[in-house]
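Geometric and topological summary
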Amino acid sequence: MNERSSKAFWLWGQFDPQSTNILKKIKKDTHASLGGPVFEEHITISGPLKKQRIGRIAPIKNCLHDLRPITLEVLDYDIKDIYFQSLFLKVKKTKELVLLKKILDKELGLKTARYFPHISLFYGNESKDNKLKLIKSLPSAPKKLILDKISLVDVDENIESWKTRNKILLS
């Protein structure tokens, strides 16, 4: 993924209702244990896109018109000592997911960088022991989730003020 930008737009993959409900339940348990900021369930696909370049978003619908929802293969829970990758579901880097990223990066004029697909459950600085203890108490990681929309999200330093500007359904 490209370096984080504190004020930019990002393209997220978001999920069908059943997948969203599964993720909400896991995040609720995670938040009850570790706290942290509240944010929508998502997998980052592309970005950052500086605000002055947002006019390039209009063609995204056209480049996605033939794409169908993507079944994401979840590998397991994982942790890192990185604020925005503190506790997450690790997602298999499939051909379909990489192709989606390449299509969006190309359309937005972004260089496709190394990609680490994951679905964050917790942002924050927490001890490895506390995160591992929590994982043991969580239900088994879902094996599959359905990505059925691409969302344009306005991101700044205040996580709880992130705002989805547009959603494009994959049909």
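To be clear, the structure that these remarks concern was listed above.
Read on for a plain summary of the structure. (Residues numbered from 1 in each chain as written. Predicted model: local features only at pLDDT ≥ 70, side-chain atom pairs only at ≥ 80, totals over all residues. Heavy atoms only, no water.)

**Some details on the overall build of the chain**
In terms of helices and strands, the chain carries four helices and seven strands. Ordering the α and β elements of the chain from the N terminus gives β-α-β-α-β-β-α-β-α-β-β. Over its C-alpha atoms, taken along the principal directions, the chain stretches across nearly 45 × 30 × 25 Å. Counting every position in the chain, which comprises 171 residues, the buried fraction comes to 47%. Long-range pairs, those at least 24 residues apart, make up 79% of the contacts in the chain with a sequence separation of at least 6. Total accessible area on the chain stands at roughly 9200 Å², and carbon and sulfur atoms take up 51% of it. The average position of the 32 basic charges and that of the 20 acidic charges among the side chains of the chain differ by 3 Å. (Helix = DSSP H or I, 4+ residues; strand = E, 2+ residues; numbered from the N terminus. Buried < 20%, exposed > 50% of the residue type's maximum accessible area, 1.4 Å probe, protein only. Contact = heavy atoms within 4.5 Å. Areas by Shrake-Rupley, 256 points an atom, 1.4 Å probe, with all protein chains shown as cover. Lys, Arg positive; Asp, Glu negative; His and termini not counted. Charge placed at Lys NZ, Arg CZ, Asp CG, Glu CD.)

**Describing the packing of aromatic side chains**
With the rule as written, the count across this model stands at eight aromatic pairs. The interplanar angle of 75° and the centroid separation of 5.0 Å between the aromatic rings of Y83 and F84 together place this pair among those described as edge-to-face. A relative accessible area of 32% places Y83 in the partly exposed class. A ring pair is formed by F84 and W162, whose centres lie 6.3 Å apart and whose planes are at 20°; its orientation type is stacked. Of this pair, F84 sits in the loop between strand 3 (70-79) and strand 4 (87-91) while W162 sits in the loop between strand 6 (144-155) and strand 7 (163-169), and the two are 78 residues apart along the sequence. One cation-aromatic arrangement involves K27 over F39; the distance from NZ or CZ to the ring centre is 4.0 Å. Across from the ring centre of F116, 3.8 Å away, lies the NZ or CZ of K80, which sits over that ring. (Phe/Tyr/Trp six-rings, centres within 6.5 Å; stacked < 30°, edge-to-face > 60°. Lys NZ or Arg CZ within 6 Å of the ring centre and 35° of its normal.)

**Thoughts on the pairing of strand 6**
Among the 12 residues of strand 6, 10 are classified as buried, and the element is accordingly described as predominantly covered. Here eight bridges tie strand 1 (residues 8-15) to strand 6, and the two strands are oriented antiparallel to one another. Residue F9 lies in a different strand from strand 6, and its bridge partner there is D154. As judged from the four bridges shared by strand 3 and strand 6, these two strands associate in the antiparallel manner. Of the residues in strand 6, the one forming a bridge with T71 is I146. Sheet topology places strand 6 next to strand 7; six bridges connect them, and they run antiparallel. Within strand 7, the position partnered with I150 by the bridge is I168. (Pairing = 2+ DSSP bridges.)

**Here we look at the environment of H42**
Considering the arrangement of structural elements, one finds H42 in the loop between helix 1 (17-34) and strand 2 (43-49). For H42 and G13, which are 29 residues apart along the polypeptide, the C-alpha to C-alpha distance reads 5.6 Å. Separated by 2.8 Å, the side chain of H42 and the backbone oxygen of E40 make a polar contact. (Polar contact = N/O pair within 3.5 Å; in protein donor to acceptor, adjacent residues only side chain to side chain.)

**Details of the pattern of salt bridges**
In this structure the tally under the stated criterion is eight salt bridges. Measuring nitrogen to oxygen at the nearest pair gives 3.8 Å for the salt bridge that ties K167 to E40. Here K167, found in strand 7, pairs with E40, found in the loop between helix 1 and strand 2; they are 127 residues apart in sequence, far enough to count as distant. The partner of D105 in a salt bridge is K101, with the nearest N and O atoms 3.0 Å apart. Of the two residues, D105 and K101 both sit in helix 3 (residues 95-108), four residues apart, roughly one turn of that helix. Taken individually, D105 and K101 each receive the classification buried, so the pair is uniform in this respect. Each of K24, K27 and E41 takes part in one network of salt bridges that share partners. (Salt bridge = Lys/Arg side-chain N within 4 Å of Asp/Glu carboxyl O.)

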